[in-house]
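The lines below spell out each chain.
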Amino acid sequence: GPGLKVISTLSVGFDHLALDEIKKRGIRVGYTPDVLTDATAELSVALLLSACRRLPEAAEQVKSGGWTTWKPLWMCGYGLSDSTVGIIGLGRIGQAVARRLKPFGVRKFLYTGSGPKPESAAEFGAEFVPLPRLAEESDFVVVTCALTPATQGMCNKDFFSRMKKTSVFINTSRGAVVNQEDLYDALASGQIAAAGLDVTTPEPLPTDHPLLSLKNCVILPHIGSATYATRSTMAVLAANNLLAGLRGEPMPHELKL
C-alpha cells in the first residue's frame with residue numbers, strides 16, 4: 001500500500017521482493033543473513049550425502065523388502081574422498097559448505113561467481129573457473145548463489161551435458177537457478193548420476209511433478225534454515241530490523257538497495 005515504509009523478510013534471499021519498485025518508493029528492507037548460514041550449510045551437506053549415497057532409496061528398500069542377500073554393487077553410490085567439488089556462489093553459505101566438506105577428504109575445490117574472491121578461496125585452495133569448466137571437472141556441484149537475472153536458469157541443458165555421468169548436483173539456493181525440465185532429462189537419461197534439491201519451482205512442487213518419479217533425485221521442502229535455534233534467531237532479527245526501520249534507526253541487517 002501507499003503507506004508502506006519498511007519490509008522485514010525472514011530470509012537471506014530477497015528474490016521475492018520487487019526491488020526496483022521498493023527502491024523507487026524509498027522503502028527500507030531488512031533481511032536475515034549470517035544467522036542461517038550454518039544451518040543451511042549443514043543441510044546442504046546432509047542433502048549431498050543423501051543423494052550421493054542413495055539414502056532415501058536405500059531406506060525405502062528396507063521397508064519394501066528389497067533388502068535380500070548381500071550383493072557387492074547393490075546400492076553403491078559415490079563418495080567425497082579424493083573428489084572435486086564445484087561451488088556455484090562462494091558467498092557466506094558456499095564457504096560454510098566448503099568448510100564442512102573439506103574434512104571428508106575432498107581433493108580440490110572449484111568455484112564460480114561474478115568474480116574471483118581470493119580471500120575467501122584461500123582457506124580451501126579453491127580455484128576460480130568459468131561455469132563450463134566447473135561443470136566438466138566437478139564430481140559434486142553445489143549451488144549456493146543468489147537468484148538474480150544473471151543466475152536464472154543457469155543450470156540448464158548445456159550445463160548438465162558437460163557434467164560427468166558420475167556427478168551429483170545439489171541446489172540449496174533458489175529453484176529458478178535450475179531449468180527443471182533439463183535437470184529431469186539429465187537424470188532420466190543417466191547424463192548425471194543424481195541430484196538433491198532443497199528448492200524448486202514452484203514451491204511446493206506439485207506431487208505429480210516428473211522429478212518426483214525419479215529414484216536418483218532427492219527433493220526436500222526448502223528446509224535449509226530449519227533448525228529450532230536458527231528459526232528463533234531469524235525471527236528475533238526480523239523483528240529487530242522492523243522496529244529499527246519504523247523508528248528510523250539503522251537496522252541490524254539492512255539490504256542496501
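Residues numbered from 1 in each chain as written. Predicted model: local features only at pLDDT ≥ 70, side-chain atom pairs only at ≥ 80, totals over all residues. Heavy atoms only, no water.

An unreviewed UniProt entry annotates the chain as Glyoxylate reductase/hydroxypyruvate reductase of Rhagologus leucostigma. Its UniProt record gives the chain the following Sequence similarities (unreviewed entry) comment, quoted word for word: "Belongs to the D-isomer specific 2-hydroxyacid dehydrogenase family." (UniProt positions renumbered as here; feature names shortened; annotations may be inferred.)

A.B. asks: What am I meant to see in the packing of aromatic side chains here?
C.D. replies: For any pair of aromatic rings, the description rests on two quantities: the centre-to-centre distance and the angle between the ring planes. Counted by the stated rule, this structure contains six aromatic pairs. Centroid distance Phe14 to Tyr31: 6.1 Å. Interplanar angle 75°. Geometry classified as edge-to-face. Taken together, the positions of Phe14 in the loop between β1 (6–8) and α1 (19–24) and Tyr31 in the loop between β2 (28–30) and α2 (37–52) put the pair 17 residues apart, joining distant regions of the chain. Over the ring of Trp74 we find Lys71, and its NZ or CZ is 5.2 Å from the ring centre. (Phe/Tyr/Trp six-rings, centres within 6.5 Å; stacked < 30°, edge-to-face > 60°. Helix = DSSP H or I, 4+ residues; strand = E, 2+ residues; numbered from the N terminus. Lys NZ or Arg CZ within 6 Å of the ring centre and 35° of its normal.)

A.B. asks: Just checking my understanding: could you explain the UniProt feature "domain: D-isomer specific 2-hydroxyacid dehydrogenase catalytic" (unreviewed entry) in the chain for this structure?
C.D. replies: What UniProt calls "domain: D-isomer specific 2-hydroxyacid dehydrogenase catalytic" (unreviewed entry) maps, in this numbering, to residues 2–255. Across residues 2–255 one finds 35% helix and 13% strand; the C-alpha atoms that close the span lie 21 Å apart.

A.B. asks: Would you mind showing me how to read the UniProt feature "domain: D-isomer specific 2-hydroxyacid dehydrogenase NAD-binding" (unreviewed entry) in the chain here?
C.D. replies: Mapped onto this numbering, the UniProt entry gives "domain: D-isomer specific 2-hydroxyacid dehydrogenase NAD-binding" (unreviewed entry) at residues 45–224. Regarding residues 45–224, the helix share stands at 31% and the strand share at 15%, and the terminal C-alpha atoms are separated by 10 Å.

A.B. asks: For this particular structure, what's the right way to read the domain arrangement of the chain?
C.D. replies: Structurally, the chain comprises domain 1 (6–31 + 227–255) and domain 2 (37–219). For domain 1 and domain 2, the distance between their C-alpha centres works out to 29 Å. Each side of the interface is counted separately: domain 1 has seven residues, and domain 2 has five residues. Between domain 1 and domain 2, roughly 450 Å² of surface is buried when both sides are summed, and carbon and sulfur atoms account for 55% of that area. Its largest share of buried area at the contact with domain 2, domain 1 owes to Val12, Asp15 and Thr227, together 66% of the area lost on that side. On the surface where domain 1 and domain 2 come into contact, there are one salt bridge. Between Arg174 and Asp15 there is a salt bridge, and its shortest N-O distance comes to 2.9 Å. (Domains from an automatic or database assignment. Contact = heavy atoms within 4.5 Å. Buried area = accessible area lost by both parts, 1.4 Å probe. Salt bridge = Lys/Arg side-chain N within 4 Å of Asp/Glu carboxyl O.)

A.B. asks: Explanation requested: unusual backbone geometry in the structure shown.
C.D. replies: What is expected of a backbone is that most residues other than glycine have negative phi and most peptide bonds are trans. The omega angle of the peptide bond from Thr201 to Pro202 is -10°, so this bond is cis rather than trans. Positionally, Pro202 belongs in the loop between β8 (194–197) and β9 (217–219). At the junction of Glu203 and Pro204, the peptide bond is cis and its omega measures out at -5° in the coordinates. If you trace the backbone, Pro204 turns up in the loop between β8 and β9. With phi around 60°, Arg54 is a residue other than glycine that occupies positive phi space. Examined against the element boundaries, Arg54 turns out to sit in the loop between α2 and α3 (55–64). Residue Arg54 is classed as partly exposed on the basis of its relative accessible area, which comes to 26%. Of note in this structure, Asp82 is not a glycine but carries a positive phi near 65°. (Buried < 20%, exposed > 50% of the residue type's maximum accessible area, 1.4 Å probe, protein only.)

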